[in-house]
Amino acid sequence: MSKEGFDYIIVGAGTAGCLLANRLSADPGKRVLLIEAGGKDDYHWVHIPVGYLHCIGNPRTDWCFQTEAEPGLNGRRLRYPRGKVLGGSSSINGMIYMRGQSRDYDNWAQATGDDTWRWERVLRAFRRHEHHWRLDDPKTAPAGFAEMHGHKGEWRVEQQRLRWPILDAFAAACSQAGIPATSDFNAGTNEGVGYFEVNQKKGLRWNTAKAFLRPTCFGRPNFEMWTGAQVRKLRLMHDDAGPRCAGVEVLTPHGVEQPWLNAGGEVILCAGSVGSPQILQLSGLGPAPLLQGLGIKVTQELPGVGANLQDHLQIRAVYKVRGARTLNTRAASLVGKALIGLEYALRRSGPMSMAPSQLGAFTRSSPDRLWPDLEYHVQPLSLDAFGEPLHGFDAFTASVCNLNPTSRGTVHITSPDAAVAPAIQPRYLSTDEDRRVAAESLKLTRRIVAQPALAAFQPEEYKPGPQFQTDEELARLAGDIGTTIFHPVGTCRMGRKDDPGAVVDSRLRVRGVTGLRVADASVMPTITSGNTASPTLMIAEKLAGWLAG
Ligand SMILES: Cc1cc2nc3c(=O)[nH]c(=O)nc-3n(C[C@H](O)[C@H](O)[C@H](O)COP(=O)(O)OP(=O)(O)OC[C@H]3O[C@@H](n4cnc5c(N)ncnc54)[C@H](O)[C@@H]3O)c2cc1C
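Residues numbered from 1 in each chain as written. Predicted model: local features only at pLDDT ≥ 70, side-chain atom pairs only at ≥ 80, totals over all residues. Heavy atoms only, no water.

**Concerning unusual backbone geometry**
Residue proline 215 is reached from arginine 214 by a cis peptide bond, and omega for that bond is -10°. Look at the link from lysine 463 to proline 464: it is a cis peptide, with omega at 5°. One can find proline 464 in the loop between β23 (460–463) and α14 (471–481). Residue asparagine 74 is not a glycine yet carries a positive backbone phi of 55°. Here asparagine 74 shows up in the loop between β3 (65–66) and β4 (79–80). Although it is not a glycine, arginine 348 sits at a positive phi angle of roughly 50°. (Helix = DSSP H or I, 4+ residues; strand = E, 2+ residues; numbered from the N terminus.)

**Some remarks on the site of the ligand**
In the vicinity of the ligand there are 37 residues, among which Thr15, Glu36, Ser89, Thr532 and Ala533 approach most closely. In this structure, an oxygen atom belonging to the ligand sits 2.8 Å away from a side-chain N or O atom of serine 89. Take asparagine 93: an N or O atom from its side chain is 3.0 Å from an oxygen atom of the ligand. Burial of the ligand by the surrounding chains reaches 98%, relative to a free accessible area of 1000 Å². Those elements that place two or more of their residues in the shell around the ligand are α1 (15–24), β11 (230–239), α9 (272–282) and α15 (533–548). (Near = heavy atom within 4 Å. Polar contact = N/O pair within 3.5 Å; in protein donor to acceptor, adjacent residues only side chain to side chain. Areas by Shrake-Rupley, 256 points an atom, 1.4 Å probe, with all protein chains shown as cover.)

**A word on the packing of helix α5 (residues 119–129) against α15**
Viewed as axis vectors pointing N to C, α5 and α15 meet at an angle of 100°, and their least axial separation amounts to 9 Å. Relative to α15, the element α5 is oriented roughly perpendicular. Taken together, the residues of α15 that come into contact with α5 (itself represented by Arg121, Val122, Ala125, Phe126, Arg128 and His129) are Ser534, Pro535, Leu537, Met538, Glu541 and Lys542. Broken down by class, the residue content of the contact of α5 with α15 amounts to six nonpolar, two polar and four charged. (Axes fitted to C-alpha atoms, helices over the stretch in contact; angles between N-to-C directions. Parallel < 35°, antiparallel > 145°, perpendicular 65-115°, else oblique. Contact = heavy atoms within 4.5 Å. Nonpolar A, V, L, I, M, F, W, Y, C, P; charged D, E, K, R; others polar.)

**A look at the side chain of aspartate 184**
Summarising the element assignment, aspartate 184 is placed in the loop between α7 (165–176) and β7 (192–195). Among buried Asp, Glu, Lys and Arg side chains, aspartate 184 stands out as unpaired, with arginine 99 the closest opposite charge at 6.3 Å. Here the side chain of aspartate 184 touches asparagine 186 through a polar contact of 2.9 Å, landing on its backbone nitrogen. Those residues in contact with aspartate 184 that sit more than four places away from it in its chain are Phe145 and His149. (Buried < 20%, exposed > 50% of the residue type's maximum accessible area, 1.4 Å probe, protein only. Lys, Arg positive; Asp, Glu negative; His and termini not counted. Salt bridge = Lys/Arg side-chain N within 4 Å of Asp/Glu carboxyl O.)

**Some details on the nonpolar core**
Of all hydrophobic cores here, the largest spans 76 residues; its most connected members are Leu20, Leu234, Val267, Leu280 and Leu516. Per-element accounting of this core gives the leading share, seven residues, to α15. Apart from residues lying up to four places away in sequence, valine 267 is in contact with Ile9, Val11, Leu234, Cys245, Gly247, Val248, Leu261, Gly515, Leu516 and Arg517. In terms of nonpolar packing, the next biggest core, distinct from the first, is built from 66 residues, Trp45, Ala169, Leu381 and Tyr428 among them. (Core = buried A, V, L, I, M, F, W, Y, C linked by side-chain atoms within 4.5 Å.)

**Things to note about the sheet that holds β11**
Spatial ordering of the open sheet is given by β11-β12-β13, a layout of three strands whose pairing is antiparallel. Each having just a single partner strand, β11 and β13 (255–257) make up the two edges of the open sheet. Adjacent strand axes in the sheet meet at a mean angle of 25°, parallel and antiparallel pairs treated alike. Two strands pair when backbone bridges link them, and β11 and strand β12 (residues 242–252) are joined in this way by nine bridges, in the antiparallel orientation. From the neighbouring strand, valine 231 faces β12, where its bridge partner is valine 250. (Pairing = 2+ DSSP bridges.)

**Here we look at the UniProt feature "domain: Glucose-methanol-choline oxidoreductase N-terminal" (unreviewed entry) in the protein**
UniProt feature "domain: Glucose-methanol-choline oxidoreductase N-terminal" (unreviewed entry): in the numbering of this structure it lies at residues 83–106 and 272–286. Segment residues 83–106 splits into 21% helix and 0% strand. End C-alpha atoms: 29 Å apart. Counting secondary structure, residues 272–286 comes out at 73% helix and 13% strand; the distance between its end C-alpha atoms is 16 Å. (UniProt positions renumbered as here; feature names shortened; annotations may be inferred.)

**Focus on the pairing of strand β18 (residues 359–363)**
Of all five residues making up β18, five are buried, and the element is well covered by its neighbours. Burial along β18 is two-sided: Leu359, Ala361 and Thr363 and Gly360 and Phe362, pointing in opposite directions, are all buried. Where β7 lies against β18, four bridges are found, and the strand directions are antiparallel. Counterpart to glycine 194 in the pairing with β18 is glycine 360. As defined by bridge partners, β18 adjoins strand β19 (residues 374–379) across five bridges and the pair is classed as antiparallel. Its bridge partner lying in β19, threonine 363 is registered against leucine 374.

**Remarks on α14**
If you check which residues of α14 are buried, you get Leu474, Ala475, Leu477, Ala478, Gly479 and Ile481. Along its buried surface, α14 packs onto β17 (313–320), α13 (432–449), β23 and β24 (482–484).

**Quick look at the sheet that holds strand β2 (residues 32–35)**
Pairing between sheet strands relies on hydrogen bonds along the backbone, with the strands arranged either parallel or antiparallel. Spatially, the five strands line up as an open sheet ordered β10-β2-β1-β14-β25, and their pairing is parallel. Two strands lie at the open edges of the sheet, namely β10 (223–226) and β25 (516–518), each paired on one side alone. Pairs of neighbouring strands in the sheet enclose a mean axial angle of 15°, with direction left out of account. As defined by bridge partners, β2 adjoins β10 across four bridges and the pair is classed as parallel. When the bridges of β10 are listed, isoleucine 35 appears paired with tryptophan 226. The sheet strands contacting α1 are β1 (6–11), β2, β10 and β14 (261–269), and the helix crosses β1 at an angle near 165°.

Below, the structure is given as structure tokens:
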């Protein structure tokens, strides 16, 4: 353990934390400490793409959180996976590379009063770390592609390495239902249908630890990293100017450590949408009634800490099919499993190289929507829930989510002890609007599946079931077959100075406390219209640019 102070202490070596560690330690004059509660990413299932099935729910890689019982989900509790390992959630996620829509960022600029978040300005940050496969040979890239995408960065984006006839047919059915084909979901409007691009390199997962820590950071004398080290709380001092962050208190395998900041240094929380509000609340920064109820002294009242939780609820409709092989039956026998293993060993392709969702589509829940507000994740498999066995019949899952939910939930500690998991209440489907969109999205799924392109496979609705037809029934059934698509954001949201619910300002400084910022998915004021890993990296990239001056 170091006997010197640090200029930056980064809490959480996840998606945002690894990028920041890389950028900030590039200045040899700054001492950087990166602290991660999880272990090294040396588990083989982190790297083999299909291994997410073994990483989710596994304490070696997952915090294994659960939600409270959700009324909108008819009283069910959900598993709420969050990566607990180097790379954080980028080590266990679905690898889909998705920026969202330009309007998301224009809305952030509006919410914060800071044009730095406008689409044309965040685009530069997306491109800075991107390494897009299409630009490997720029001559073959479509015109204008290089203005939208980067090739000099560390964050590899590749095509998937397998296709499925049933997914090709679903894509054709989308086109017949009026959803155009697209070859790029990341140019500002993601409308259309196509195979997702993924963060993989040659058939292996590309997490942020590989992209940003190795070998760069590990070779730098001004960089230090602690794993298996959980930050319990912040160390706060009181100056004339108010509270100032002086360092952190960490439980390490060697006991409690208290690394401190050099003058002018900063602690940057990158612990994610559950971890960051938890640390703030444990440190006396949060809603006064919550903290007082747990006997925690309120250092700075910040009612927004842990509020504003937003997530995408995926509603998983399942269709049995005939005459098409899906993973359900391909992986059912020992011979099938052996062939899948062989294909991966020889060519790094086949189902083991598979992102959980391969085909995507963005469209509107009703024609009056100005932007696509639904995302489909289509999978050549079906199961009752992740962690349960695949069904014994051939089937595909057309999972659909409302990209702009109006339901808002909370992450609140229930104990002053950092070892106790906070209570997570997403409050899915708690607004009429969200229930209406849920019903519309299931009806749209039926319209797509009824198109001629899928007729040869005789799709038969297994979930929710064709006997349910009214909007009311469908909204209720959505609560039975809906689950998280793992995108919690917004629990330390940024906002304007006069916004009482804002936790950080538009430059990610925690309100009322010096020397402390948050830079991860929790600062998003509203959820992006797509998957949330690359928007989180963009946030970290923006902060790195400001700190580099
Ligand atoms: C199963 C799953 C599938 C997903 N699929 C996709 C996808 O396909 N595409 C996509 O774009 N997004 C996907 N996401 C979402 C995306 O991965 C996250 O939005 C993003 O990674 C969040 O980044 P983050 O930096 O905020 O948090 P994380 O990457 O979760 O990093 C937080 C880090 O902080 C550490 N930490 C927490 N508390 C402490 C503490 N007290 N002390 C020390 N360390 C701490 C954690 O262990 C973790 O390493 C998925 C997420 C999951 C879980």
